[in-house]
Amino acid sequence: MSYRIPIGPYHLALEEPYKIEVECEGETVTAVSLKVGFNFRGIEWLAERKNITQSTALMERVCGICSNVHSMNFCLALERIGGVEVPARAQHVRVVMAELERIHSHLLWAGVAAELTGFHSLFMACFHLREKVMDLLEGISGNRVNYAMNRIGGVNRDITQPQAVLEGVRAIREALLKSLIPTFTTDATVAARCVGVGTLTRDEALAYGAVGPVARASGVGQDLRRDASYLVYDQLEFDVPVGRNGDVFDRIVVRAKELLESCRIIEQALGRMPAGPLHAGDIYLVQAGEAAMRIEAPRGEAFYYVVSDGSDVPSRVKVRTPTFANIPTVVPMVKGAVLADVPLIQGSLDPCYSCTDR
Amino acid sequence: MTGEAIRSRLGGLWLSRADGWHQGIELLQVRAMAGEMRSGGARFAALTVRPTDGAFKLAWHFDAAGELLTLEARLPAGATVPSILDLWPGADWAEREARDYYALRFDGRADTPPLMLRDGDAPGVFLDSKEGALS
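Please read all numbers here as calculations on a predicted model, not as lab measurements. (Residues numbered from 1 in each chain as written. Chains lettered and ligands numbered in written order. Predicted model: local features only at pLDDT ≥ 70, side-chain atom pairs only at ≥ 80, totals over all residues.)

Trainee: Would you mind going over the overall build of chain B with me for this structure?
Mentor: The number of helices and strands found in chain B is three helices and seven strands. Along chain B, from the amino end to the carboxyl end, the secondary structure elements read α-β-β-α-β-β-β-β-α-β. Relative to the 2.2 N^0.38 estimate, which gives 14 Å for 135 residues, the radius of gyration of chain B is 15 Å and therefore close to what a compact globule would have. For chain B, the spread of C-alpha atoms along the principal axes amounts to about 45 × 30 × 25 Å. Every one of the 135 residues in chain B was classed for burial, and the buried ones make up 37%. Intrachain contacts of chain B at a sequence separation of at least 6 include 52% that bridge at least 24 residues. (Helix = DSSP H or I, 4+ residues; strand = E, 2+ residues; numbered from the N terminus. Rg over C-alpha atoms; globule rule 2.2 N^0.38 Å. Buried ≥ 20, exposed ≤ 12 C-beta atoms within 10 Å, placed from the backbone. Contact = placed C-beta atoms within 7 Å.)

Now the structure itself:
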């Protein structure tokens, strides 16, 4: 007997609204349709009516989890248009912020994933560790969500106590290696729940345009930090973890390994951060021009296309967030899956509906 | 396939910029070129639409091994856009979003339902004047 189950837009598991309608034959999912837009705020439209200083703050509101990458991407696009040279110290500060944000984002996701698998103590452990990352972000920027670090041409604040950040990151890496990552990657409960579930093949990942850890878990070994490098990533050593099976378990493993790589990147960036200015001066407009800018956000490629007519108000700001690219991959992932696995499969994307809807 | 190999296969005049490679094309070329991108192993990244002098400028962005390849075409007012949905399932949301924001119409799709808007909302919410409110 076939039947249709509407789930959402308000969920028990996920904090953000979106709707998924699942068609089932018995317990097996045969088709699915998705509905987003419940958080639509018209941020692109707003950005084309505010000056670039105001829009830098606005873009940080695209996402409540990876807020820093959006203001940074917007600034990088404008800096590319204007040919603005960002001081080396500022580039290192941006790298540290971006990687701390990646760690906190991945840990948040890991906690949610643990909860979805029914592993409540693991959820608590993830959020306990994430709190330490939040403390570091707060220590640097003074803020816990919207860090306000980026400005066109550099950053607003320095990392005044790099040694404290370094010690904090080392403690986080130790905790990751000692308990969290082994639990996620070797625990029988996690494996039983996640191996072979929600598979996305490499071909499907490419066809649907999947990005970030979702794509990498399916064998698409792209990371823009390495493959279309920006800031000073090309001067830092790190590996890009890639999966083979494209299932929920591989998405866990890829993110777990990325946590360690981020720690490694931060240690290098802090160790080689040169003295010097934090920005290139006060910049309130850039010359006429246009540029695409892509960066590797925690969830994958964040794509911006900014057009300037030479005034202080951008004439077009296009934002395609990583989750916008990744959510449609739910369709091939859940086809043929057991209905009870649908929440876990959705969760394995690390979806962010706020930034999807903008 | 590398970006260079795909560019070579597609031919035409590619313009190098700081953000990647761009080629101006005729609107009707987009399907053939998007198909070549697909068989070359590229990834569809985004569709950028912007109003310009009563018409629209469209840019389809693809990633080829880290290189950004962009195809740009002018869409005259009132014209329709060839859909690439059958070639790139990932283009579905990009086309529906373009419909929502700029009221673009796509050929070759069974329908183009709203993405960010609700059923029944009028498309083209970004077409208001700079001074106007978001409808």
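Trainee: Quick question: what am I supposed to make of the sheet that holds strand S7 (residues 300-308) of chain A here?
Mentor: Each strand in a sheet pairs with another by means of backbone hydrogen bonds, the pair being arranged parallel or else antiparallel. All names here are of chain A. If you walk across this open sheet you meet the three strands as S6-S7-S8, and the pairing is antiparallel. Two strands lie at the open edges of the sheet, namely strand S6 (289-297) and strand S8 (316-320), each paired on one side alone. Along the sheet, successive strands turn relative to each other by an average axial angle of 10 degrees, direction set aside. The pairing of S7 with S8 spans five bridges and is classified as antiparallel. Each residue of the ladder has a partner; that of valine 307, found in S8, is arginine 316. Sheet strands in contact with helix H3 (residues 67-82) are S6 and S7, and its direction is about 145 degrees off that of S6. (Pairing = 2+ DSSP bridges. Axes fitted to C-alpha atoms, helices over the stretch in contact; angles between N-to-C directions.)

Trainee: Looking at this model, I keep getting lost on helix H3 (residues 92-102) of chain B. Mind explaining?
Mentor: With 10 of 11 residues buried, H3 of chain B is to be regarded as a mostly interior element. Taken as a whole, H3 of chain B has its buried residues at Asp92, Trp93, Ala94, Glu95, Arg96, Glu97, Ala98, Arg99, Asp100 and Tyr101 of chain B. Contacts from the buried residues of H3 of chain B go to helix H12 (322-326) of chain A together with strand S3 (43-52) and strand S7 (106-107) of chain B. Directly beyond the C-terminal end of H3 of chain B, a positive phi value near 60 degrees is found at alanine 103 of chain B.

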